[in-house]
Amino acid sequence: MKALVVDDSRLARNELKRLLKEFDSVLVIGEAANAMEAKEKIEADKPDLIFLDIQMPGKNGFELLEELESSPEVIFTTAYDEYAIKAFEYNALDYLQKPIQKDRLAGAVSKVAEKREKLKEKSDEPRMTENDQVFVKDGDNCWFVQLANVRMLEVDGNYTKLYFDEHKPMIPRTLNYLESRLDPKTFFRANRQQIINLKWVERIEPWFSGSIKIYMKGGHEVDVSRRQTQRFKELMSF
């Protein structure tokens, strides 16, 4: 796994890199001292995993993740314990409190490896198309839904909200996982928060800084990020 260490403390970065040398499954490909530097390196080097401090000068770790189109796996590393609940709202795989202990680090790395292995197994399975049906359960309510009827999927904390008919149940799956299972010819990742069913697009308008806004049948308005706007144009062009 290619890893990036993000921390404003040079001593903390060096200590974590020293600990990670003992893990054959992890290759540290770089480090960053702030969110701006980290964003540039994440977009350029595409690490599989980031070890991310929360309190940093300028933007904090949460604000960095908000700016990323698609986030690598995240393990938070911080001297504070009050951010733990919020960290898992950002789908962090683990939360390590400084000073980092070797056994806790080993457990965190193991979680990442296990998740990557499960995703690899899933990626070998056929993608689900609009013709497939899925079982959805939310509390006491259950549905058997054809994917053609799902207009949009949207992040809601650690869950993903599905929009179909007049319903919007939440399922305990991340948007990244669902993106890996769905047919990209029909289901398009518009931004960090939303996947849309292209068959439900009503109209498209130019938006800020070269991006676009998509108006969906059913009333939803979806802002497409600049990067995904380019992918959308490539996908939908002759």
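Calculation rules
Residues numbered from 1 in each chain as written. Predicted model: local features only at pLDDT ≥ 70, side-chain atom pairs only at ≥ 80, totals over all residues. Heavy atoms only, no water. Helix = DSSP H or I, 4+ residues; strand = E, 2+ residues; numbered from the N terminus. Rg over C-alpha atoms; globule rule 2.2 N^0.38 Å. Buried < 20%, exposed > 50% of the residue type's maximum accessible area, 1.4 Å probe, protein only. Areas by Shrake-Rupley, 256 points an atom, 1.4 Å probe, with all protein chains shown as cover. UniProt positions renumbered as here; feature names shortened; annotations may be inferred. Contact = heavy atoms within 4.5 Å. 1 Å grid on protein atoms, 1.4 Å probe; cavity = no way out; pocket = protein on both sides within 12 Å on 5 of 7 lines; lining within 4 Å. Points joined across faces, edges and corners; volume = space filled by probe spheres on them. Nonpolar A, V, L, I, M, F, W, Y, C, P; charged D, E, K, R; others polar. Pairing = 2+ DSSP bridges. Axes fitted to C-alpha atoms, helices over the stretch in contact; angles between N-to-C directions. Core = buried A, V, L, I, M, F, W, Y, C linked by side-chain atoms within 4.5 Å.

Undergrad: Tell me about the overall build of the protein chain, and name the residues and values.
TA: Along the backbone of the protein chain there are 7 helices and 15 strands. Against the 2.2 N^0.38 benchmark of 18 Å for 238 residues, the protein chain shows a C-alpha radius of gyration of 19 Å, consistent with a compact globule. The buried share among the 238 residues of the protein chain stands at 42%. Counting only carbon and sulfur atoms, one obtains 49% of the accessible surface of the protein chain, whose full area is about 13100 Å².

Undergrad: Got a sec to walk through the UniProt feature "modified residue: 4-aspartylphosphate" (unreviewed entry) in the protein chain? Specific residues and values, please.
TA: If you check UniProt for "modified residue: 4-aspartylphosphate" (unreviewed entry), the listed places come out as Asp-53 in our numbering. Leaving out residues up to four positions away in the same chain, Asp-53 has contacts with Val-6, Asp-7, Asp-8, Gly-61, Thr-77, Thr-78 and Lys-98.

Undergrad: Can you break down the layout of surface pockets residue by residue, with the values?
TA: In this structure, the largest pocket spans a volume of roughly 1100 Å³. Looking at the lining of the largest pocket, the elements with two or more residues in it are α2 (35-45), α3 (61-67), β4 (73-78), α5 (102-123), α6 (175-181) and α7 (226-236). Its residues assigned to classes, the lining of the largest pocket shows 11 nonpolar, 11 polar and 15 charged.

Undergrad: Please give an account of the pairing of strand β14 (residues 212-216) that cites residues and values.
TA: With 5 of 5 residues buried, β14 is to be regarded as a mostly interior element. Alternating positions in β14 separate into two faces, Ile-212, Ile-214 and Met-216 on one and Lys-213 and Tyr-215 on the other, with burial throughout. Alignment of strand β13 (residues 201-206) against β14, held across 5 bridges, turns out to be antiparallel. Within β14, the position partnered with Arg-203 by the bridge is Tyr-215. In terms of strand pairing, β14 meets strand β15 (residues 221-224) through 4 bridges, oriented antiparallel. Bridge assignment links Lys-213 to a residue of β15, and that residue is Asp-223. Linkage of β14 to β15, two consecutive antiparallel strands, is achieved through a turn of 4 residues, within which Gly-218 is found at a positive phi near 110°.

Undergrad: Residue-level account of the UniProt feature "domain: Response regulatory" (unreviewed entry) in the protein chain, with values.
TA: According to UniProt, the "domain: Response regulatory" (unreviewed entry) feature falls on residues 2-113. Across residues 2-113 one finds 42% helix and 22% strand; the C-alpha atoms that close the span lie 12 Å apart.

Undergrad: Which residues make up the sheet that holds β13, and what are the values?
TA: Spatial strand order, β13-β14-β15: 3 strands in an open sheet with antiparallel pairing. Of all the strands in the sheet, just β13 and β15 have a single pairing partner and so form its edges. Taken over all neighbouring pairs, the strand axes of this sheet differ in orientation by 25° on average, direction set aside.

Undergrad: So what about the nonpolar core? Which residues, and what values?
TA: Ranked by internal contacts, the top residues of the largest apolar core, which has 21 residues, are Val-6, Ile-50, Leu-52, Phe-62, Leu-64, Leu-65 and Phe-76. Sorting the residues of this core by element identifies β1 (2-6), α2, β3 (49-52), α3 and β4 as the ones contributing at least two each. The contacts of Leu-65, once residues within four sequence positions are left out, are Ile-50, Leu-52, Ser-71, Val-74, Phe-76, Tyr-90 and Arg-192. Counting residues in each nonpolar core, the second largest holds 18 residues, with Leu-16, Leu-19, Leu-20 and Leu-49 among its members.

Undergrad: Please set out the pairing of strand β5 (residues 94-97) residue by residue, giving values where relevant.
TA: Bridging between β4 and β5 involves 4 bridges; their strand directions are parallel. Within β5, the residue paired with Thr-78 across the bridge is Gln-97.

Undergrad: With reference to specific residues and values, describe unusual backbone geometry.
TA: In the segment running from Lys-98 into Pro-99, the intervening peptide bond is cis, with an omega of -5°. The topology assignment puts Pro-99 in the loop between β5 and α5. Although it is not a glycine, Lys-46 adopts a positive phi angle of roughly 50°. Mapping Lys-46 onto the fold places it in the loop between α2 and β3. Residue classification places Lys-46 among the partly exposed residues on the basis of a relative accessible area of 48%. We note that Asp-165 has phi near 50°; this positive angle belongs to a residue other than glycine. Structurally, Asp-165 is set in the loop between β9 (159-164) and β10 (170-171).

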